[in-house]
Structure formats: C-alpha cells, structure tokens
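A structural walkthrough
Each chain, letter by letter, is given below.
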Amino acid sequence: MKHVVILGAGYAGLKVVHELQKRVKGDVKLTLVDRNNYHYEATDLHEVAAGTKKPSDISYPIADVVKPSVTTFIQDEVTALDLANQTVKLADHKDLTYDYLVCALGFVSESFGIPGVDEHALPMATLKEAEAIHQHLLAMMDKYQEVQDPSYLNIVIGGAGFTGIELVGALNDARKTLADRAGVQPSDIKINVIEASTHLLPMFSEKLATYGINLVKSFGVNLVTGARITKVDDGQVEFQQGDPEDAVTSTMEAKTIIWTTGVSGSPIIDEAGFSARRGRVIPSEHLTDNDHDNVYLIGDVAAVMPPDGNRPYPTTAQIALGMGKYVANDLASRLTNGQHLTTPFTYKSLGTVASVGNTHAFGEAMGHEVRGYMASATKKMIANESLFRVGGFREVMKKGRFDLYH
Ligand SMILES: Cc1cc2nc3c(=O)[nH]c(=O)nc-3n(C[C@H](O)[C@H](O)[C@H](O)COP(=O)(O)OP(=O)(O)OC[C@H]3O[C@@H](n4cnc5c(N)ncnc54)[C@H](O)[C@@H]3O)c2cc1C
C-alpha cells in the first residue's frame, strides 16, 4: 500500500486530491491535511476584509471534495517536515509517514523585517485574517461614534500591488456601509495607499496600469507612491520619500493599517531545509524537489521558471490549479508504472484581471485587454472556472457568481 500525503487544501492541494481520487485503485491511500475543515478562495480575501462578502461566500467544506473511501482528511496544523525520515509532524495528531509528499501550504504575509509590521499592521493572507480586518473596521467605526477622532476613519494600505489595488476597490464599495455605521459621510472614510515603487502594476501594459491607477484615484483614494514604509506603530505609519541619503520622513495617522506589500511561501518550507528562498523552491520539471524526488512542491511554495525566462512565473491561483492537475497525473503515472510523465510541467496563463470593486475591473485575458463591466464579468467567469476546477459542479451551483452584470 503506497501512502500519498497532501499538505494544504488550497487551490493546488485540493486540485491534486480532486483529480487523483478519480485515478487511484485500492493499493493507494491518500491523506490530506489542512488546519481548517474548509477550502477558501484566497483570490477573494479582500472582499471579506472589506465586508462586501461573507466568509461563507468564499468557502466550502473540504468534505465536499474528499472521497472517504480513498482519502483520509486530517484537520490539524503541520508543524514540521522531516525529509530524511519521510515524516510530517502535526500539532495534535501522530506523525505521518509517506511514500510521496505534496507540499501545497500556500502563502503568508511578508513583513520584510520592517519594524512594527507584525505588531501593528493587519495581514490578509488567510480567511481568518481577512475576517479579522473586517471586524477591526467595524470596531473602529463604532469607536469613532464614541470619540469623534478622525484617525478612526482613516485606513492605510501598505502596498499598491495587485492585492492592494483590489482591496482599495472593495473598501470603496464598502465605504457607505462603514460611513453609516460611524454616522459620517462616505467621503469621510479616508483610504490611503503607501507604495514604495513609482512604477505601479508592472504585470500590465502601461496603458492598462494607467487606467487602473486613474480608476482608483477617481474614488478619491490618496495614492502615495515612491514612499518606503520604514516603521509601523500603533495607529501610525512612518515612510520616507526621495534619495536614501537625503530622504524626507513623513508619518500618517490611521487606526486601520492593512499590510499587502507582498507574500512569501509557507515558513514550513524554509524550516524543512529545502533549498528555498522566502518559502519558495525552484522545483524540477516534474515539480518535485531536486534533492527529494518523492516530494512535490506546488502552488505558492513553488517558484517555477518559464523555459525562456530568468524570473519565475508569478504565483497565482491559476498556476496553482495547473500544477495540481499536473502532479495528480504525474503521481498516477508513478503509482501505476513507477515512471514520471514523459512531458514536463508547462504553463500558459489565460490572463490576469484585477477587480476594482464589484463592477469595475481591468486586465488582459486570452491576449485581449479588457476594462470596465466586460473585465468585471470576465473576472467572475474566471472565478467560477476555478471553483469548478476544484469544487466541481456542486460548488459552482452553490457558490458561483452568476450576477455578472449587476
Ligand atoms: C487578495 C488576493 C487576490 C488574489 N487574486 C488572484 C487572482 O485574481 N488570480 C489568481 O490567479 N491569483 C490571485 N491571488 C493569488 C492566489 O490566491 C494564490 O496564488 C493561491 O491562493 C495559491 O494557492 P495555494 O494552493 O498554493 O495556496 P492557498 O490557497 O494559500 O492554500 C494553502 C492551504 O494550506 C493551508 N495551510 C497553510 N499552512 C498550513 C499549516 N501549517 N498546517 C495546515 N494547513 C496549512 C491553508 O489553510 C490553505 O488551505 C490572489 C491573492 C490574494 C491574497
């Protein structure tokens, strides 16, 4: 009996389970481990943070995907990997030994060692963290009613990358609800974004990036670029602009500071002794570790190099799903005939679309630039597609976004 252990029930890990369950026969056992008993769509975390979606709108039970006759699901925290002894350590269960291991533990918020970030800024890398941001925002609105201090209405987002821009859009949608709760006008809720770079949204053409930035600015958002955050305190962000030698230091007061400057792969990966950088491993062409061919690294813990490039593909749900499917096929091949697939993992992006609130979006899909309602509808269709690819028809019917044009 061969034992395949899959760590993480995000896009990558759950896709492996979904596909492999259909392929394996009686002599293979699958074990899936996740700290939660639900799968969440990380691509929609900003909406939960803003309160425009409920946690239940973007999550569903892992049990909906797991076939108990083939797969055992363990809800627990993975605490360490012992690669030499082919063992996974869990917080509350016995150690698991494996013949094949799939590491799909996803991403964590990256503080880049900036003082005060871990203590005073709110990360948005898990469903619980996103929900905590929403609860914090509500508490700040209530506090404003009590003390009438405008810093309770101020929100600072650290980082204007893809995630930061999507969060701005969702917060703009939530402005009226938040304002009503605080007893103020929507324009009194101040959304500020502080970004180190001056070249925003580099994944898009200059024209599209300019469109996105102008869209965000049209919401009355204060976008401060070329500003390096140097420290975060309770209710205050310090940043510097200009040449490092004679930089000007400024501060901004805000009772809500949300951190979206970047993510790294799970810390478990660095701690396990893989040859990794910020929790990400450059895997083999079959997505295995170069030193441990029975260990797969997929999703946000993998940095996959394009055949002709010197920078890895961006980590996205789209590539995570592709990796999950490839690994299920590769494992099925190895479990049947002991051989890897003859073809390596390849990836072709369908495009990237950033949503800016419920009805605006911009990006590039299948070679075409899309904007406005059209882009927003495309983004919702892509979300339905990924829901289908992991959760199947059942989850699309339960959770699919069919309100494409409202
Ligand atoms: C706001 C936002 C918007 C995004 N928008 C897009 C988009 O439009 N398109 C796109 O393609 N990508 C987008 N992304 C990126 C995408 O969400 C990630 O690339 C994707 O989630 C990675 O999938 P994964 O399976 O590797 O990890 P995850 O989805 O993070 O899943 C990891 C799983 O591992 C579990 N886990 C982690 N650590 C442990 C542990 N120690 N023990 C037990 N379980 C553990 C977690 O509970 C989770 O279920 C977005 C991300 C964010 C934050």
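It should be emphasised that the depicted structure is a prediction, and the values quoted were computed from it without experimental measurement.

Turning our attention to the domain arrangement of the protein chain. Along its sequence, the protein chain is carved into domain 1 (2–109 + 264–346), domain 2 (117–261) and domain 3 (350–406). Computed over C-alpha atoms, the centres of domain 1 and domain 3 are 24 Å apart.

Counting 89 residues, the largest nonpolar core has Val4, Leu20, Val102, Leu171, Leu287, Ile298 and Val327 as its most contacted members. Ranked by residue count, the leading element in this core is helix H8 (residues 317–337), at 10 residues. What Val4 contacts, discounting residues up to four positions off in sequence, is Leu20, Val28, Lys29, Leu30, Thr31, Tyr100, Val102, Leu331 and Leu335. One finds Val33, Leu81, Ile268 and Val281 within the second-largest nonpolar core, a separate group that totals 21 residues.

So, on to the site of the ligand. Near the ligand you find 31 residues, and of these Asp34, Val78, Asp300, Ala317 and Lys379 are the closest. Here Asp34 contributes a side-chain N or O atom positioned 2.6 Å from an oxygen atom of the ligand. Asn36 is positioned such that a nitrogen or oxygen atom in its side chain is 3.3 Å from an oxygen atom of the ligand. Here the ligand loses 92% of its free accessible area of 1,000 Å² to cover by the protein chains. Considering only residue class, the shell around the ligand consists of 13 nonpolar, 11 polar and 7 charged. Counting only domains with at least three residues in the shell around the ligand, you end up with domain 1 (2–109 + 264–346) and domain 2 (117–261).

Looking now at the packing of helix H4 (residues 127–147) against helix H5 (residues 162–182). Orientation of H4 relative to H5, taken along the N-to-C sense of each, is 35°, at an axis distance of 9 Å. For the pair H4 and H5, the crossing hand works out as right-handed. On the side of H4, the interface is formed by Leu137, Leu138, Met141, Asp142, Tyr144 and Gln145, while H5 contributes Leu171, Leu178, Arg181 and Ala182. Its residues assigned to classes, the contact of H4 with H5 shows 7 nonpolar, 1 polar and 2 charged.

By the secondary structure assignment, Glu166 is in helix H5. Those residues in contact with Glu166 that sit more than four places away from it in its chain are Thr43, His46, Val353, Ala354, Ser355 and Lys379.

Another point: the sheet that holds strand S22 (residues 295–297). Reading across the sheet, the 5 strands line up as S5-S2-S1-S9-S22 and stay open at both edges, with parallel pairing between neighbours. Each edge of the sheet is formed by a strand with only one pairing partner; in this case those strands are strand S5 (71–75) and S22. Pairwise comparison of adjacent strand axes, ignoring direction, gives a mean angle of 15° for this sheet. Relative to S22, strand S9 (residues 100–103) runs parallel, the two sharing 3 bridges. In the sheet register, Leu101 faces S22, and the bridge partner there is Val295. Relative to the sheet, helix H1 (residues 11–20) contacts strand S1 (2–7), strand S2 (28–34), S5 and S9, its axis offset from that of S1 by approximately 145°. Relative to S9, H8 is tilted by about 175°, and along the sheet it contacts S1, S2, S9 and S22.

Calculation rules
Residues numbered from 1 in each chain as written. Predicted model: local features only at pLDDT ≥ 70, side-chain atom pairs only at ≥ 80, totals over all residues. Heavy atoms only, no water. Domains from an automatic or database assignment. Core = buried A, V, L, I, M, F, W, Y, C linked by side-chain atoms within 4.5 Å. Buried < 20%, exposed > 50% of the residue type's maximum accessible area, 1.4 Å probe, protein only. Helix = DSSP H or I, 4+ residues; strand = E, 2+ residues; numbered from the N terminus. Contact = heavy atoms within 4.5 Å. Near = heavy atom within 4 Å. Polar contact = N/O pair within 3.5 Å; in protein donor to acceptor, adjacent residues only side chain to side chain. Areas by Shrake-Rupley, 256 points an atom, 1.4 Å probe, with all protein chains shown as cover. Nonpolar A, V, L, I, M, F, W, Y, C, P; charged D, E, K, R; others polar. Axes fitted to C-alpha atoms, helices over the stretch in contact; angles between N-to-C directions. Left-handed = near helix turned anticlockwise from the far one by under 90°. Pairing = 2+ DSSP bridges.

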